[in-house]
Amino acid sequence: MKSVVITDPPRASLADAARLGQYGVATVHEAAGRIGYLGPRLRPAWPGARIGGTAVTVLCWPGDNLMIHVAVEQCREGDVLVVVTNSPSSDGLFGELFATALQQRGVRGVVLGCGVRDVAELREMGFPAWSTAVSAQGSVKATAGAVNVPVVVEGQLIRPGDVIVADDDGVVRVPRTDVPAVLELSAARTAKEEATRQAFRDGELGLDRYGLRDRLDEFGIRYSSYADYYAEGSGNE
């Protein structure tokens with residue numbers, strides 16, 4: 001692994017990142033074509049947080065958080081720190097002291113392909129964190145890694161400056177160059193969902209709203225009364 005710190009990479013618009021954060025992970029993921037979701041293992045340290053920001057990436061060795069210390073200096077307002085190790089690790093590389101330093105710099109949160117600790121303190125200070133593990137196991141500061149290089153988190157490639165959206169549903173990344181298009185698609189999807197929400201409030205069924213009723217035969221679905229179903233002996237199968 002080459003040890004390097006890339007300074008001041010191009011970032012997506014902070015305003016656009018914040019807007020995507022308001023739409024939320026599920027909407028952005030669908031709008032982007034169901035790509036970019038980092039999967040179900042990344043969970044929030046505490047519920048209710050919702051962020052959208054630009055990625056500062058960190059590549060560490062397992063059990064070693066030296067490069068997070070290096071990366072703090074590269075963070076600025078609106079960023080989201082994304083940390084991964086070069087082989088699997090559940091150690092708690094990030095905790096309240098790091099969060100204090102990042103919060104002072106206006107960082108919106110952290111996404112960890114490893115462990116987090118000091119969960120109660122993070123919740124009290126309102127600093128959002130998503131991780132694949134919660135672990136009190138500490139770390140050393142001994143081995144050089146890299147900052148602001150492309151990294152892979154849970155199978156998803158994240159480049160510095162990409163947008164990270166995270167909430168209770170998990171984490172999704174939007175490539176920097178795709179942000180304007182995904183914003184438009186997210187707005188359209190939100191409007192469509194609100195129309196559907198109102199239709200459901202008015203009593204319309206999903207079968208009719210989504211045009212599924214006329215396709216039930218295609219799915220092999222048939223209707224039968226209770227009496228007929230059991231008279232045919234189907235209920236005993």
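Residues numbered from 1 in each chain as written. Predicted model: local features only at pLDDT ≥ 70, side-chain atom pairs only at ≥ 80, totals over all residues. Heavy atoms only, no water.

Trainee: Help me get a handle on the packing of aromatic side chains, residues and values and all.
Mentor: In the structure shown here, the tally under the stated rule is five aromatic pairs. Seen in terms of ring centroids, tyrosine 229 and tyrosine 230 are 5.3 Å apart; in terms of plane orientation they differ by 90 degrees. Their pairing is edge-to-face. We classify tyrosine 229 as partly exposed; its relative accessible area is 32%. Within the aromatic cluster, the residues linked to one another by ring pairs are Phe94, Phe98 and Phe127. (Phe/Tyr/Trp six-rings, centres within 6.5 Å; stacked < 30°, edge-to-face > 60°. Buried < 20%, exposed > 50% of the residue type's maximum accessible area, 1.4 Å probe, protein only.)

Trainee: For the pattern of salt bridges, give the residues involved together with the corresponding values.
Mentor: Applying the stated criterion across every chain, the model contains 13 salt bridges. Through salt bridges with shared partners, a single ionic network connects Asp8, Arg11, Arg76 and Asp79. (Salt bridge = Lys/Arg side-chain N within 4 Å of Asp/Glu carboxyl O.)

Trainee: Kindly report on the nonpolar core, identifying the contributing residues and their values.
Mentor: When a protein is soluble and globular, its nonpolar side chains tend to lie buried together. Counting residues in hydrophobic clusters, the biggest one holds 46 residues, and the most contacted among them are Leu81, Val83 and Phe94. It is strand 3 (residues 51–60) that provides the largest number of residues to this core, a total of six residues. Excluding anything up to four places from it in sequence, valine 83 contacts Val58, Cys60, Ile68, Val110, Val111, Leu112, Gly113 and Cys114. In this structure, Ala12, Ala17, Val172 and Val174 belong to the second largest nonpolar core, which totals 12 residues. (Core = buried A, V, L, I, M, F, W, Y, C linked by side-chain atoms within 4.5 Å. Helix = DSSP H or I, 4+ residues; strand = E, 2+ residues; numbered from the N terminus. Contact = heavy atoms within 4.5 Å.)

Trainee: Describe the environment of phenylalanine 127, with residues and values.
Mentor: Here phenylalanine 127 shows up in the loop between helix 5 (119–125) and strand 7 (129–134). Residue phenylalanine 127 is classed as buried on the basis of its relative accessible area of 1%. In the structure, phenylalanine 127 is positioned 26 residues away from valine 153 in sequence and 21 Å away in space, judged by C-alpha atoms. Among all residues touching phenylalanine 127, those that are not within four sequence positions of it are Trp46, Phe94, Ala99, Leu102, Gln103, Val107, Gly109, Val110 and Leu122.

Trainee: Describe in detail the side chain of serine 186, supporting the description with residues and values.
Mentor: On the secondary structure map, serine 186 appears in helix 6 (residues 179–201). By relative accessible area, serine 186 is classed as buried at 0%. Within the local environment of serine 186, its side chain forms a polar contact with the backbone oxygen of valine 182, the two atoms lying 2.8 Å apart. Non-local contacts of serine 186, meaning those with residues more than four positions away in its chain, are made with Leu20, Tyr23, Thr27, Val28 and Ala31. (Polar contact = N/O pair within 3.5 Å; in protein donor to acceptor, adjacent residues only side chain to side chain.)

Trainee: Quick rundown of the environment of arginine 108? Include the residues and the values.
Mentor: Its location among the elements puts arginine 108 in the loop between helix 4 (96–104) and strand 6 (109–116). For arginine 108 and glycine 53, which are 55 residues apart along the polypeptide, the C-alpha to C-alpha distance reads 6.5 Å. When residues no more than four places from it in sequence are discounted, the contact partners of arginine 108 are Leu14, Ala17, Ala18, Ile51, Gly52, Gly53, Gly78, Asp79, Val80 and Pro128. Engagement of the side chain of arginine 108 in a polar contact is seen with the backbone oxygen of glycine 52, the distance being 2.6 Å.

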